[in-house]
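Each chain, written out:
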Amino acid sequence: MPGFWAEPINSVSNLGFIFAAFFGFYCWWSSRSWWMFYLSTLAFLVGVGSFTFHTFATRWAHLADLLPIAIFMTSFLVFSQRSLFRFSILKTLLLTLIFIASAVLIEVYQPRHLLGGSLGYTHAVIALSVVTYGLRRQRHQLTKYFWAGLQVFLMSLVFRTLDGYACELNPFGTHFLWHLMNAALIFILLIPVDLTTRESYET
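This write-up is about the structure you can find in this document. This is a predicted model, so every value here is computed, not measured.

### A closer look at the overall build of the protein
Move 1: Secondary structure summary: the protein contains eight helices and zero strands in total.
Move 2: Reading the protein from its N terminus to its C terminus gives the helix and strand order α-α-α-α-α-α-α-α.
Move 3: Relative to the compact-globule value of 17 Å for 203 residues, the protein shows a C-alpha radius of gyration of 17 Å, a close match.
Move 4: Across its three principal directions, the C-alpha atoms of the protein cover 55 × 35 × 30 Å.
Move 5: Looking at the protein residue by residue over its 203 residues, the buried ones come to 44%.
Move 6: Of the contacts made within the protein by residues no fewer than 6 positions apart, 66% connect residues no fewer than 24 positions apart.
Move 7: Counting every atom, the protein has about 11,500 Å² of accessible surface; 71% of that belongs to carbon and sulfur.

Printed below as a string of structure tokens:
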């Protein structure tokens, strides 16, 4: 089915990001947290950008797909450092720059024929793993959300990697599951944002 709806399931599955975003906006309505509003807006843009790419499939649409994801990951890392670990601005800036540099290097030099390009998310897996480990060492009450998010993210990468092979067996592939699992990841990660910022708001 060529044209706008060439990938109907991959397009519609982006509603998962919209659902996660509206969950965030619902939480923001009572907490009035700047972080919650900002990250929820990015989640919404992730859904819109991905939908745009899977319908128009142009160069600018690809950029609209990638940028919100990159900005969300970077922003959430900054939130984790500042709000959960209480890192200084200088330390946060340094670690964030390392994260961005790693993302760029991996994007440029990754062997795209391996794992369907999923190696491009290596920096995100490492960052989420390190944050989860750091919270676990502190016995932080929010560790369970990050641990659950990490498992969901790893599973989503499995679906992304298998998509090329699955498309040979069925017309839908598994890319739509990559979308849904990542939407679930964002939903899960917005919970500690809400709990942390709500606590700050109430005090």
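Still to come is the rest of the account.
### Some thoughts on the packing of helix H5 (residues 89-109) against helix H6 (residues 122-137)
Geometrically, a packed helix pair is captured by the angle between its two axes and the distance between the axes.
Move 1: The contact between H5 and H6 brings their axes to 8 Å, and the two run at 150 degrees. When the axes of H5 and H6 are compared, the pair comes out roughly antiparallel. Across from Phe-99, Ser-102, Ala-103 and Ile-106 in H5, the residues of H6 making contact are Thr-122, His-123, Ala-124 and Ala-127.
Move 2: Classifying every residue of the contact of H5 with H6 by side-chain character gives five nonpolar, three polar and no charged.

### Thoughts on the packing of aromatic side chains
Move 1: Tallied over the full model, the rule gives 17 aromatic pairs.
Move 2: Summarising the aromatic geometry, the rings of Phe-56 and Trp-60 are spaced 5.7 Å apart at their centres and angled 45 degrees between planes, so their arrangement reads as tilted.
Move 3: Here the aromatic rings of Phe-85 and Phe-87 are separated by 5.4 Å at their centres, their planes lie at 25 degrees, and the arrangement is stacked.
Move 4: Accessibility expressed as a relative area gives 15% for Phe-85, which makes it buried.
Move 5: Here the guanidinium or amino end of Arg-32 rests over the ring plane of Trp-29, the centre of that ring lying 4.2 Å away.

### Re the nonpolar core
For soluble globular proteins, the rule of thumb is that nonpolar side chains tend to be buried together.
Move 1: Counting 39 residues, the largest nonpolar core has Leu-39, Phe-76, Phe-146 and Phe-153 as its most contacted members.
Move 2: Elements with a contribution of two residues or more to this core: helix H2 (15-31), helix H3 (34-56), helix H4 (59-84), H6, helix H7 (143-166) and helix H8 (175-202).
Move 3: In terms of residue count, the dominant contributor to this core is H8 (eight residues).
Move 4: Aside from chain neighbours lying at most four places away, what touches Phe-153 is Tyr-121, Ala-124, Val-125, Leu-128, Trp-178, Asn-182 and Leu-185.

### Digging into the packing of H4 against H5
Move 1: Across the interface, H4 lies against H5 with an axial gap of 10 Å and an inter-helix angle of 150 degrees. The orientation of H4 relative to H5 falls into the category roughly antiparallel. The chirality of how H4 crosses H5 is right-handed. Note on element contacts: H5 touches H4 through Ile-89, Lys-91, Thr-92, Leu-95, Thr-96, Phe-99 and Ile-100, opposite Met-73, Thr-74, Leu-77, Val-78, Gln-81 and Arg-82.
Move 2: Of the residues that constitute the contact of H4 with H5, the class distribution is seven nonpolar, four polar and two charged.

### As for the pattern of salt bridges
Move 1: Under the definition given, this model contains one salt bridge.
Move 2: Here Asp-194 ties to Arg-198 by a salt bridge, and the two come within 2.9 Å at their closest N and O atoms. With a gap of four residues between them, Asp-194 and Arg-198 both fall in helix H8, about one helical turn apart.
Move 3: Classification of Asp-194 by relative accessible area gives buried; the value is 8%.
Move 4: Among the residues examined, Arg-198 registers a relative accessible area of 22% and is labelled partly exposed.

Cut-offs used in this document
Along each chain, numbering runs from 1 in the same order as the chain's sequence is written. Confidence filtering applies because this is a predicted model: local features only for residues at pLDDT of at least 70, side-chain atom pairs given and counted only at 80 or more, and all residues used for totals across whole chains, interfaces and linings. Each side-chain value is worked out from all heavy atoms of the structure, with water and hydrogens disregarded. Strands are runs of DSSP state E lasting at least 2 residues, helices are runs of H or I lasting at least 4, and numbering of each runs from the N terminus. This radius of gyration counts C-alpha atoms alone. The globule rule is 2.2 Å times how many residues there are, raised to the power 0.38. For each residue, the accessible area found with a 1.4 Å probe, counting protein chains only, is set against the maximum for its type, and the residue is called buried under 20%, exposed over 50%, and partly exposed in between. The contact criterion used is simple: two residues touch if any of their non-hydrogen atoms lie within 4.5 Å. Surface accessibility follows the Shrake-Rupley procedure with a 1.4 Å probe radius. Residue values consider only the protein chains on display as shielding. Fitted lines through C-alpha atoms give the axes, limited to the stretch in contact for helices. The angle between two N-to-C directions lies from 0 to 180 degrees. Angle categories are assigned with fixed cut-offs, so that under 35 degrees is roughly parallel, over 145 is roughly antiparallel, 65 to 115 is roughly perpendicular, and the rest are oblique. Amino acid classes used here: Ala, Val, Leu, Ile, Met, Phe, Trp, Tyr, Cys and Pro are nonpolar; Asp, Glu, Lys and Arg are charged; the rest, including Gly, are polar. Note on ring pairs: Phe, Tyr and Trp rings are taken, using the six-membered ring of Trp, and paired if centres are within 6.5 Å. Classes follow the plane angle, with under 30 degrees stacked, over 60 edge-to-face and the rest tilted. A ring is considered to have a charge above it if a Lys NZ or an Arg CZ atom is located within 6 Å of its centre and within 35 degrees of its normal. Side-chain atoms within 4.5 Å are what join buried Ala, Val, Leu, Ile, Met, Phe, Trp, Tyr and Cys residues into a set we call a nonpolar core. For any pair of crossing helices, the crossing counts as left-handed if the nearer helix is rotated counterclockwise from the farther one by less than a right angle, and right-handed if it is rotated clockwise. Each salt bridge in this description consists of a side-chain nitrogen of Lys or Arg and a carboxyl oxygen of Asp or Glu lying within 4 Å of one another.

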